Amino acid sequence: MPPATYEPVESPDATTVFPYHDLTPPTTADVYKARRVVRRYLPETPLVRSEFLSAELDAEVYLKREDTLPTGAFKVRGGVTLGARLDDDFRERGLIAASTGNHGQSVAYAGREFGVPVTISVPENPNPGKVRSMERMGATVEEHGPNYDAAREHAERQAAEEGYRYVHSANEPDLLAGVGTAGLEVLDELPDVDRVFCPVGGGSGAAGYCLTLGAIADARVIGVQAEDADAVYRGWHEGHLEPGTESDTTAEGIASHVPFALPMKVMRERLDDLETVTDGEIWTAVAATFREENLTVEGATGAAIAATLRAGTELAGEVVVVPVTGRNVAATKLVRTLEEAP
Ligand SMILES: *Cc1c(COP(=O)(O)O)cnc(C)c1O
């Protein structure tokens, strides 16, 4: 039976939420349940000591290499978790999502894995490599609007009109539980972790670390946003869900100007601090990571590395984890960054 056409319901944040968007935050137990799913479809990712960051900070710094996952970013953990549990009603109609790339790749990957059609709405001038990757996995990619939020509104309208299952980038308990499995893998190897620095766009990744490293190991979970896209930073510190001003960070993985209710709920309970870094610091960190570790990371990951470097002597003697959330940086951007880096 095809799903009934549905109308957007009242949203707790500034994003449209459909009736099937359960906003109950996942628990740590839900992350363990998601791990059974994730294990079936994805490899565990390596946890590798960074000699560069460890020496800089006089600490034990480990990189959780989420960039080694298929799609090159952590989000696919959430995609397969949601895909495996998808209502039969939506298997034929298909999934739709808005994304600057990595969420879209995650949904495209899940669609291919579970035989469900996928449409992704991206803002104009998207990262071309991310678009090619989504198309290679069989997704239909539509460019719409000048920024992520315009692309998101387009996807929401399409979902309401066509009956697609709209996959929100963060107001989805299965996505949060799925990405949280990275934290469980860290704990298997490093139960004495003191602190994790996680980039925050919508906050699903950070919420996952809150439910695992925070809840189980009592590690300090530090979120990092771009100063030029700081809506979640403001919402978390000021206690609201108001959209921020237009985001214009060049780190597209964390370029949203609307806080999302579900990850915010988890972060309000468990996140220790939320900081911002400038785009200058972000790309300096991307260049340093390439130069010192020969590792290609996205601007979003650069934000977490920049915050780690800035913490400096405060981290001396600690066991610190930084997830390499993604490697899908546009080639032109990487070349420019390396040429211009101090
Ligand atoms: C999406 C993304 C982030 C931010 O994750 P959220 O769960 O939206 O906070 C960070 N890094 C990369 C590479 C991403 O794709």
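Note that the structure is predicted; figures quoted are calculated from it, not measured.

With that out of the way, let us pick up the sheet that holds strand β3 (residues 95-98). Judged by pairing direction, the sheet is parallel, and its four strands sit side by side in the order β5-β4-β3-β6 without closing on themselves. The sheet terminates laterally at β5 (140-143) and β6 (165-166), the two strands that pair on one side only. Looking at chain direction, strand β4 (residues 118-122) and β5 are connected through four bridges and run parallel. Counterpart to threonine 119 in the pairing with β5 is threonine 140. Sitting on the sheet, helix α7 (residues 148-162) touches β3, β4, β5 and β6, and the angle it makes with β3 is about 160°.

Where the parts come together, the accessible area they lose is often given as the size of the interface. As far as domains go, the chain holds domain 1 (28-74 + 173-340) and domain 2 (76-166). On a C-alpha basis, the centroid separation for the pair domain 1 and domain 2 is 22 Å. Interface area, domain 1 with domain 2, both sides summed: about 2,300 Å², of which 58% is carbon and sulfur. Viewed at the interface, domain 2 and domain 1 are joined by five salt bridges.

The α-helix winds at 3.6 residues per turn, so residues separated by three or four positions along the chain end up facing the same way. Look at helix α12 (residues 279-293): 21 Å from first C-alpha to last across 15 residues, which is about the 21 Å you get at 1.5 Å a residue. Residues of α12 that are buried: Asp279, Ile282, Trp283, Ala285, Val286, Ala287, Ala288 and Thr289. Looking one or two places after α12, you find asparagine 294, whose phi comes out positive at around 50°.

Reading the values: the criteria
- Residues numbered from 1 in each chain as written.
- Predicted model: local features only at pLDDT ≥ 70, side-chain atom pairs only at ≥ 80, totals over all residues.
- Heavy atoms only, no water.
- Pairing = 2+ DSSP bridges.
- Helix = DSSP H or I, 4+ residues; strand = E, 2+ residues; numbered from the N terminus.
- Contact = heavy atoms within 4.5 Å.
- Axes fitted to C-alpha atoms, helices over the stretch in contact; angles between N-to-C directions.
- Domains from an automatic or database assignment.
- Buried area = accessible area lost by both parts, 1.4 Å probe.
- Salt bridge = Lys/Arg side-chain N within 4 Å of Asp/Glu carboxyl O.
- Expected span 1.5 Å × (residues − 1).
- Buried < 20%, exposed > 50% of the residue type's maximum accessible area, 1.4 Å probe, protein only.

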